[in-house]
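# Observations on the model geometry
Each chain, letter by letter, is given below.
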Amino acid sequence: MANTQLQDADPRDGAVSSRPAARRTKMAARDVNVFYGDTHALKGVDLDVYEHEVTAFIGPSGCGKSTLLRCLNRMNDMIEGCRVSGEMTLDGRDIYSRDIDVVQLRAEIGMVFQKPNPFPKSIYDNVAYGPRIHGLARTKSDLDEIVLTSLEKTGLLDEVHDRLDQPGTGLSGGQQQRLCIARAIAVSPKVILMDEPCSALDPIATARIEELIDELRENYTIVIVTHNMQQAARVSQRTAFFHLGSLIEMDETEQVFTSPKNEHTQGYITGRYG
Amino acid sequence: MSERERGDGTMATEHIVKAYDDELKQLSNMISRMGGLAENQVATAIEAVVRRDNDAAIETIESDEKVDQLEHEVDQFCVRLLALRQPMAGDLRRIIGALKIASDLERIADYGANVAKRALQLNQIKPIKPVYAIPRMGKLAQEMIKDVLDSYAEGDVEKALDVWHRDEEVDEMYTSLFRELLTYMMEDPRNITACTHLLFIAKNIERVGDHATNIAETIHFLVVGGPFSHGRRRTHDGTVTIGLDIDADSS
Ligand SMILES: Nc1ncnc2c1ncn2[C@@H]1O[C@H](COP(=O)(O)OP(=O)(O)OP(=O)(O)O)[C@@H](O)[C@H]1O
Ligand SMILES: [Mg+2]
């Protein structure tokens, strides 16, 4: 009898459930429109990326995921004929404002691409590159420290510690991708943008990167574009679905993959798109 | 009807991978077949009581295995779909829903078998009057199964809700039969054996209604996506003030 009493659910239990704690907006997009010449690639997108969370962008090819990702660290500035309007902020600061130093901004908002793209340099120099150009290390030992911790954080150090002077291009695809992530975090960014970072990797290397993303979330804010629904479901806390340049639905990942509110979202994630 | 409440909870359009659609259809068919069997089990069990028909009772008891077998098949099929198709959203709910419904149907068939076992006992002794309540109660429960299966096949949430509300009637019948049987037993202790069997039979039927209600809730989940949020209807907990309640036969 006493047992039954003890097992009675405390009504307050519900209050401490898995509901996320108060969230802080790290980056925000307000009424963002992007044109490539006459192509209207993004149409009035509003969204918030929360701090210390992984936000996934999903949607059919050409829906504008990469375009939005590139807007978030002004990579679109480099594309001829690309016009961006609307507001984008990092910690409330307008990243398109005139007084923003774009090189500095890209140190704060790093990017990892679909194909691992290590520089044709040594493993060490790949990671040291950012800290060097941003003047983050005063001494050689400072730089060593940054390089080693960055490699450590990506789980690569054990695998490469005895060949830091070898070319980064000599690593396996999965290792190269982790090297690129190490390179991105070496400059202590606030946000890391990843555009299909696992699409060239095998399942084991993919699992490694996913595990890494989950660990990185503690110190960084991550936005990931992926075509793999299961990956979005596994790594992200929130998911945004895009279709033909519009943000159709954005919600908790769990909600999106169990009971999406929008018919297009449902159609896409269940493989009915057509 | 809103776009989210259409049909089986999924969109009208088909999967790009056709075999997936076929498999989901096959799953629905398995559930319907299992439902038909479970419904029939309850029907023959009640026949066995009402007509004092031992053959019907034995047939019911022996057929229980078929339902168990089907449940097993549904389980395996769902595990396979989960592994191979990695279903999402409406599809995922549909597969989880099938698993839950199959387990409710298996229980329903079990209750049918329980009733049949009691019928074999009851048929050996002199009939008593309160038996008249059994076919009425049984009919209600059977209709609930039938309608909830229809609502599953049609993805009709309204119909499922209707079934859900009807459970109250079965509960009330059980309660009044319970009272009546108590009176009988007090009047003449020689009625106790027959009344006890009847009481268990009624309880088993009442449990069938509960499982039909579970299925209605599952249908709501798989079509609408959210949890069921209608105010909990009055249950016999609230209305019955007399003495002990009993559990249905556990076997
Ligand atoms: N540099 C460019 N010049 C002209 N048009 C472009 C350019 N980049 C993208 N677009 C167009 O903008 C739209 C959105 O492209 P974007 O690359 O953002 O899509 P995506 O969602 O990333 O697709 P995918 O999943 O195939 O990578 C497409 O219609 C594309 O053709
Ligand atoms: Mg892209």
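Let me sum up the structure you'll find in this document. Fair warning: this is a prediction, and the values are worked out from it, not measured in the lab. (Residues numbered from 1 in each chain as written. Chains lettered and ligands numbered in written order. Predicted model: local features only at pLDDT ≥ 70, side-chain atom pairs only at ≥ 80, totals over all residues. Heavy atoms only, no water.)

### Quick look at the site of ligand 1
Residues and elements named next belong to chain A. Taken together, 13 residues lie near ligand 1, and Ser61, Gly62, Lys65, Ser66 and Thr67 sit nearest. Here an oxygen atom of ligand 1 and a backbone polar atom of Cys63 are 3.2 Å apart. In this structure, Ser66 approaches ligand 1 through a side-chain N or O atom, which is 2.7 Å from an oxygen atom. Considering ligand 1 on its own, with 630 Å² of exposed area, one finds that the protein chains cover 64% of that surface. (Near = heavy atom within 4 Å. Polar contact = N/O pair within 3.5 Å; in protein donor to acceptor, adjacent residues only side chain to side chain. Areas by Shrake-Rupley, 256 points an atom, 1.4 Å probe, with all protein chains shown as cover.)

### Here's the deal with the sheet that holds strand 9 (residues 238-243) of chain A
All names here are of chain A. Reading across the sheet, the six strands line up as 6-7-8-3-9-10 and stay open at both edges, with mixed pairing between neighbours. The outermost strands of the open sheet, each flanked by one partner alone, are strand 6 (109-112) and strand 10 (246-252). The mean angle between the axes of side-by-side strands here comes to 20°, regardless of whether they run parallel or antiparallel. Here strand 3 (residues 54-58) pairs with strand 8 (residues 221-225) via four bridges, running parallel. Residue Ala56 lies in a different strand from strand 8, and its bridge partner there is Ile224. (Pairing = 2+ DSSP bridges. Helix = DSSP H or I, 4+ residues; strand = E, 2+ residues; numbered from the N terminus. Axes fitted to C-alpha atoms, helices over the stretch in contact; angles between N-to-C directions.)

### Considerations on the layout of surface pockets
Residue and element names in this part refer to chain A. Approximately 510 Å³ is the volume found for the largest pocket. Lining the largest pocket we find 20 residues, and of these Arg106, Met111, Phe119, Tyr129 and Arg183 sit closest to its centre. Elements that contribute at least two residues to the lining of the largest pocket include exactly helix 3 (102-108), strand 6, helix 4 (123-133) and helix 7 (173-185). (1 Å grid on protein atoms, 1.4 Å probe; cavity = no way out; pocket = protein on both sides within 12 Å on 5 of 7 lines; lining within 4 Å. Points joined across faces, edges and corners; volume = space filled by probe spheres on them.)

### Examining the pattern of salt bridges
Residues and elements named next belong to chain A. Tallying each qualifying case throughout the model produces 31 salt bridges over all chains. The partner of Glu51 in a salt bridge is Arg24, and the shortest N-O contact between them spans 3.0 Å. Taken together, the residues Glu51 in the loop between strand 2 (39-50) and strand 3 and Arg24 in the loop between helix 1 (2-7) and strand 1 (25-36) connect sequence positions 27 residues apart. Since its relative accessible area comes to 22%, Glu51 is described here as partly exposed. In this structure Arg24 comes out as partly exposed when scored by relative accessible area, which is 39%. (Salt bridge = Lys/Arg side-chain N within 4 Å of Asp/Glu carboxyl O. Buried < 20%, exposed > 50% of the residue type's maximum accessible area, 1.4 Å probe, protein only.)

### Notes on unusual backbone geometry
Residue and element names in this part refer to chain A. Backbone geometry at Asp91 places phi at a positive 50°, although glycine is not the residue there. Within the fold, Asp91 resides in the loop between strand 4 (82-90) and strand 5 (93-94). Not every positive phi belongs to a glycine, and Leu244 is a case in point at roughly 50°. Within the secondary structure layout, Leu244 lies in the loop between strand 9 and strand 10. Using a relative accessible area of 59% as the deciding quantity, one classes Leu244 as exposed.

### Re the sheet that holds strand 1 of chain A
Residues and elements named next belong to chain A. A sheet is described by the order of its strands in space; here four strands give the open sequence 2-1-4-5, paired in antiparallel fashion. Both outer strands of the open sheet, strand 2 and strand 5, are each paired with one neighbouring strand and no more. Note that strand 1 and strand 2 share eight bridges and pair antiparallel. Along strand 2, the bridge assignment pairs Thr25 with Tyr50.

### Concerning the packing of aromatic side chains
Summed over all chains, the structure comprises four aromatic pairs over all chains. Consider the rings of Phe57(A) and Phe242(A), whose centres lie 5.2 Å apart with planes at 70°: the pair is edge-to-face. Here Phe57(A), found in strand 3, pairs with Phe242(A), found in strand 9; they are 185 residues apart in sequence, far enough to count as distant. An identical accessibility class is assigned to Phe57(A) and Phe242(A); each is buried. Ring plane angle 45° and centroid distance 6.0 Å describe the contact between Tyr174(B) and Phe178(B), whose orientation is recorded as tilted. Placement of the pair is Tyr174(B) and Phe178(B) together in helix 5 (residues 157-187), with a separation of four residues, close to one helical turn. The burial state of Tyr174(B) is the same as that of Phe178(B); both residues are buried. Over the ring of Phe119(A) we find Arg183(A); its NZ or CZ atom is 4.1 Å from the centre of that ring. (Phe/Tyr/Trp six-rings, centres within 6.5 Å; stacked < 30°, edge-to-face > 60°. Lys NZ or Arg CZ within 6 Å of the ring centre and 35° of its normal.)

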